[in-house]
Each structure stands twice: as C-alpha cells, then as structure tokens.
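Understanding the architecture of this molecule
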Amino acid sequence: MKNSQFSHICVIGLGYIGLPTAATFAAHGVTVTGVDVNEYAVDMINQGKVHIVEPDLDMLVRDVVAKGTLSAQTTPVAADAYIVAVPTPFQGNHDPDLKYIEAASKALAPFLTSGNLVILESTSPVGATEQMAEWLSQARPDLSFPQQAGEQADIRIAHCPERVLPGKVLQELISNDRIVGGMTAKCSQAACDLYNVFVEGSCVTTNARTAEMCKLTENSFRDVNIAFANELSMICDKLNIDVWELIALANRHPRVNILQPGPGVGGHCIAVDPWFIVAKTPDEAQLIRTAREVNESKPEWVIAKVNEKVIEFLQDHPEKSVKDVTIACYGLAFKPDIDDLRESPALNITKKLAQQGLNILAIEPNIDKLPEDMQGNIKLIGLDENIEADIYLILVDHKVFKKIKFKDLSKVIDTKGIIS
Ligand code: SAJ
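Residues numbered from 1 in each chain as written. Predicted model: local features only at pLDDT ≥ 70, side-chain atom pairs only at ≥ 80, totals over all residues. Heavy atoms only, no water.

All right, on to the pattern of salt bridges then. Taken as a whole and assessed by the stated rule, the structure comprises 17 salt bridges. One salt bridge connects Lys 305 with Glu 308, and the closest N-O pair in it is separated by 3.4 Å. One end of the pair, Lys 305, and the other, Glu 308, are both in helix 12 (residues 286–316), three residues apart, so they sit about a helical turn from each other. Of the residues examined, Glu 308 reaches a relative accessible area of 44% and is grouped as partly exposed. Across the pair Arg 342 and Asp 340 runs a salt bridge whose closest N-O atoms are separated by 2.9 Å. Residues joined in a network through salt bridges with shared partners are Asp 223, Arg 292 and Glu 296. (Salt bridge = Lys/Arg side-chain N within 4 Å of Asp/Glu carboxyl O. Helix = DSSP H or I, 4+ residues; strand = E, 2+ residues; numbered from the N terminus. Buried < 20%, exposed > 50% of the residue type's maximum accessible area, 1.4 Å probe, protein only.)

Take helix 3 (residues 57–67) next. Taken residue by residue, helix 3 has Leu 57, Leu 60, Val 61, Val 64 and Val 65 as its buried positions. When helix 3 is viewed along its axis, its buried side chains cluster within an angular range of 120° and face the same direction. Of the exposed residues in helix 3, the ones pointing more than 90 degrees away from its buried face are Ala 66 and Lys 67. On its buried side, helix 3 packs onto helix 1 (18–27), helix 2 (39–46), strand 3 (70–73) and helix 7 (169–175). Once helix 3 ends, the next one or two residues include Gly 68, with phi positive near 90°. (Arc of directions from axis to C-beta. Contact = heavy atoms within 4.5 Å.)

We now examine the packing of helix 9 (residues 208–239) against helix 11 (residues 273–280). Packing of helix 9 against helix 11 leaves a shortest axis separation of 8 Å and a crossing angle of 115°. When the axes of helix 9 and helix 11 are compared, the pair comes out roughly perpendicular. Judged by the twist between their axes, the crossing of helix 9 over helix 11 is left-handed. Where helix 9 approaches helix 11, its residues Met 213, Lys 215, Leu 216, Thr 217, Asn 219, Ser 220 and Asp 223 are matched on the opposing element by Asp 273, Pro 274, Phe 276 and Ile 277. Along the lines of polarity and charge, the residues of the contact of helix 9 with helix 11 split into five nonpolar, three polar and three charged. (Axes fitted to C-alpha atoms, helices over the stretch in contact; angles between N-to-C directions. Parallel < 35°, antiparallel > 145°, perpendicular 65-115°, else oblique. Left-handed = near helix turned anticlockwise from the far one by under 90°. Nonpolar A, V, L, I, M, F, W, Y, C, P; charged D, E, K, R; others polar.)

Turning next to the site of the ligand. Neighbouring residues of the ligand: 19 residues in total, closest Val 164, Lys 215, Arg 222, Gln 260 and Phe 334. In the environment of the ligand, an oxygen atom lies 2.8 Å from a nitrogen or oxygen atom belonging to the backbone of Gly 266. Here the ligand loses 87% of its free accessible area of 770 Å² to cover by the protein chains. Residue composition of the shell around the ligand, grouped by class: nine nonpolar, three polar and seven charged. Each of domain 1 (8–210) and domain 2 (237–414) contributes no fewer than three residues to the shell around the ligand. (Near = heavy atom within 4 Å. Polar contact = N/O pair within 3.5 Å; in protein donor to acceptor, adjacent residues only side chain to side chain. Areas by Shrake-Rupley, 256 points an atom, 1.4 Å probe, with all protein chains shown as cover. Domains from an automatic or database assignment.)

Moving on to the domain arrangement of the protein. Under the domain assignment, the protein is made up of domain 1 (8–210) and domain 2 (237–414). Computed from C-alpha atoms alone, the centre-to-centre distance between domain 1 and domain 2 is 35 Å. Taken together, the contact pairs 15 residues of domain 1 with 14 residues of domain 2. Summed over the shared surface of domain 1 and domain 2, the number is zero salt bridges. Counting every contact that joins domain 1 to domain 2 gives one residue pair in polar contact (both at pLDDT 80 or more).

Structure representation (structure tokens):
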C-alpha cells in the first residue's frame, strides 16, 4: 500500500462501480467494509462471489474476501474514509433522483469522526455534492463541514466521478485519470491521497461542481456524437445511401471522426446523464436534449423497419399471418461482447417485436438463459443451431456475428453495419 493515511474505508453501494472499487482497494492492502442494502449481494460477496458480471471481478473478490481485506454488510461502520457509489436514477420527468445519496448520507453520518473524508462517486447533477454535505451536516451538528468551516472543517468532502468502461472496469479503474473535485483544496488533496493507493493515471483537482459537470459532459459528448451517427443513418436510409460506407469515407478527413450508428443508446450512463444537464438548464441545453431525443427514437425506427419487411413478407405469403413470421434477432446486450442486458435497445426491440405476436429466435452467445420476462414466443438459440428465419435482424455487433454469411441479404436488417 502506497499510503497509510487510510487503513480502513467504507464503500457504500456495491454495484457495478462500488464493488470493483472496494475490491481494488482491498487488493492494495486497505481494509474495506462494503455496504449494500441488498442482502443477497452482501451474502454473495461474503462467500467470495459476485452478483454482477465484469471480467475478472469474480477472481478479485474471491481473493480479497479470502484474505480478509474485503467484507460486506448492510450498515456502515466507523472508517477513515467513505466512498458513496449508489445509483442516481432520474424520475419520470427526467429530474435526477438523489434519494439513494440521501439514504447513504443518513446511514453513514452517525459513524463520522473528525478527520474523515467522504467521497461521492455516483454520477450526479451539479450541486449534489454540496447537497450531500448538507445532509451530513444536518445529521451531525457536532461536527463542522466545508460549507461552514472551509479548510478548517472536521470532515472533508469531494466528488470524484467514476469514468470506467463496463467490460474494462478493473483496468480502467487503475489506468484512467481521475477528476477530483474537493469542496476545498484540502478535501481534494485528501481524495487524491486516497485514490493514489491504486490509481496510476493522474488525479487532477478541481472544485466539486466542475467535477460533477465534467462527468456529465463526457457522457453527453458521446451521446451527441452517437446521435449524429444515428441521425445520419436515418437520412441515408431515406436517400438510399449506405451509411457505413459514407461514415468510413467522411472519416478519412483528418478532422472528422463520426461514431457508429446502432439500434439506440443503451447502458445506464450515456442514456441518463445528459438529462441531468437538461434538468438544470432546460433553456440552454438544446443540442443535448435533441441528441437524447434522436437516440431515444432510434429503437422505434428500427421496429418500423422490421414491420415494413413483415408486411412485405405477408404480401408475398398471403396464407400466413403475423404469428407465422419468424424473426432472428442477433444480440440482446447493450453493446458488443458483453452479457449486460440492462437498458439495452436490442433487448427492448426484441421484446416489443415479440409483443406484436411475431415469432422470435434470440441469438445472444453471452448468456445461457433469457430473463424471466422474455418467455413465450421468444426462444434463445445457439449460433451453431440451424437458424431459419423470415427476417434476420442484427442488433449488436458481437465479434462472433461478423463471421456469419447470410444467404439472402434482402432478408437482413443490419442496424450495426456488420455485413456491409
Ligand atoms: N454506441 C453506439 N455507437 C458508438 C458507440 C457506442 O451506438 O459509436 C452505443 C453502444 O452500443 C451502447 C451505448 O452507446 O449502447 C453506450 O456504450 P459506450 O461504450 O459508449 O459507453 P458505456 O455506457 O458502456 O460507458 C460510458 C463511458 N463513457 C464515455 O465513453 C464517455 C464510460 O467511460 C463511463 O464511465 C460510463 O459511460 C459511465 O459509467 O458513465
């Protein structure tokens, strides 16, 4: 361990970010108490197992639990530092919902002692770190916080957003630069000292509000750029131009780098975070909102394309009805070569087609059973099986799909450009 200032930390929220973070600290010699309200997750972790899928995380958790540096429980404990990594969903109107940060603040506040550091890692709207400091201060009037006492405060508070890519979390946790937004300079320094236990990238300091906005900006940048690609794909379809060829050609310009269109934007970050900016500054965030709307509309556009082909098929086969039409859907995950089905446009498109009464063959080599709510007219089949369908719909560009040779391209709808 590089630093001895933090011998025991408490990580609140053991999800896709909290658990890898907790395990990585534990692997670097820090004693870590992981906290989650989900008892199943806590039990699994204490058995050295994981409740989420991320490459190599299972081995890491098994090792650190066996070594005794990571343990999990449902309530916080006294520690040198606290990392809050809980979800920040949005409400029906796209306003951010900070209830999990509030609950975590109230749960950890009783254990705080002078000298402690509290870090908010959850992706948050601008102002959330100050709000967390306020909740902590209300719960502990006997301690001073940066909003009242500045550098003299008993408790240090910082926002250090996670920026790791699902599928590469354990590498990126260590190699990525960290944006460290302390409520004061001392808060930033304390947070850098903590992350320097394992971070090999730079810890770059700023204030909490800029750090919050930085994270939202990164994901909005990507969302806007994917929206550009998705809009191009719809324009090109109308103009009978191959969008994949077009993008490859345009990207030969030294200052053009267009991203790839797809069936929509999935995952729980890029499709959510831009709304946090829109919610705070609705009049100014025009482009960011429009990009979100373009990306949100893409799955419906794909479904409409499938339905056009279904109608054509039924016109050619008047003896058949909708339930006789078989669609082979290639990919359910939210992006290539992972098994993560959360907020997946591919999954949602497949479910909606099934709800229309179509017969679905789902091909997703990264899972071995369908989620509970996907039974009925959806059958999970292997790539090695004889796949006979009336329409072939490519939804994810998994590596293994790129080798498939489709016999009749007029039956294929390729949302990821793998056959062109
Ligand atoms: N996508 C496209 N076209 C592209 C690139 C992506 O349609 O050219 C789609 C993907 O298929 C997927 C979605 O966008 O459905 C998001 O995938 P992603 O790989 O762009 O990003 P995430 O959601 O896995 O992770 C992002 C990352 N942010 C950025 O790259 C700016 C990651 O670094 C963040 O830590 C993560 O969000 C997060 O937790 O916020």
